[in-house]
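# Coordinates in review
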Amino acid sequence: MPHQLPPLPYAKEALEPHIDAQTMEIHHGKHHQAYVTNLNKAIAGNAALEAKTIEALIKDLAAVPDAVRGAVRNNGGGHWNHTFFWNIMAPNAGGAPSGAVAAAINAAFDNFDSFKEKFEAAGLGRFGSGWVWLIAKAGKVEIASTANQDNPLMGSSIAGCDGTPILGVDVWEHAYYLKYQNRRADYLKAWWNVVNWAAVAKQYEAAAR
Ligand code: MN
């Protein structure tokens, strides 16, 4: 199979108490696995698609045949988004960014608290399922939100935004319902405690190259 579920970069209980072990186990082992399985099914038998990296696939959905484009968009997006999500979180993380990414956030939002407020508001404003992103474009950062498993890398004609994600939060109910039930606002506030700003800084630096 061309795509495989990557192992979590930490134990499933490592993000407690902010994100509980059972949510992590189901989110990674069931939801993310299903995106990988269904992506592999969608591209099975198409050698050109099977040869592409996940990033190349979602960046060029126009190259995917009509019959499977929807499946690749949803499941390829799901696979990329979740792999990214696990890696921008970590145990004993949180706090505030530093260096170039902090400067970019301050330039765009005045200060870190104002950024967090706007990011949380975007999460609460996403009706139904989707993601909120901090994206980098030519060194600047902005907040974007996508529905379902869409991703800014898919381009504005599909995702409604474009740029390189450097931070993202899953606001599907499956990301928080077991612990927070309908309280998405509480989940978003708690989530800051597991953001790995060192990983975000690396994403920002990679986007700038
Ligand atoms: Mn999810």
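Definitions and cut-offs
- Residues numbered from 1 in each chain as written.
- Predicted model: local features only at pLDDT ≥ 70, side-chain atom pairs only at ≥ 80, totals over all residues.
- Heavy atoms only, no water.
- Domains from an automatic or database assignment.
- Contact = heavy atoms within 4.5 Å.
- Buried area = accessible area lost by both parts, 1.4 Å probe.
- Donors = N, O, S within 2.8 Å, 3.2 Å for Na, K, Ca; no water.
- Helix = DSSP H or I, 4+ residues; strand = E, 2+ residues; numbered from the N terminus.
- Buried < 20%, exposed > 50% of the residue type's maximum accessible area, 1.4 Å probe, protein only.

### Focus on the domain arrangement of the chain
Structurally, the chain comprises domain 1 (21–87) and domain 2 (99–208). Using only C-alpha atoms to locate each centre, domain 1 and domain 2 end up separated by 20 Å. In this complex, domain 1 contributes 20 residues to the contact, which on the side of domain 2 involves 24 residues. Of all residues in domain 1, Asn-81, Phe-84 and Phe-85 give up the largest surface area on contact with domain 2, accounting jointly for 32% of the area buried on that side.

### Some details on the coordination of the manganese ion
The coordination sphere of the manganese ion contains the protein donors His-27 (NE2), His-82 (NE2), Asp-170 (OD) and His-174 (NE2), at a distance range of 1.9 to 2.1 Å. Binding-site remark: the manganese ion is held by donors from one chain whose sequence spacing is H-x54-H-x87-D-x3-H. You can see His-27 sitting in helix H1 (residues 21–43) and its partner His-82 sitting in helix H4 (residues 66–87), a full 55 residues away along the chain. Accessibility expressed as a relative area gives 1% for His-27, which makes it buried. Looking at His-82, the relative accessible area reads 0%, which means it is buried.

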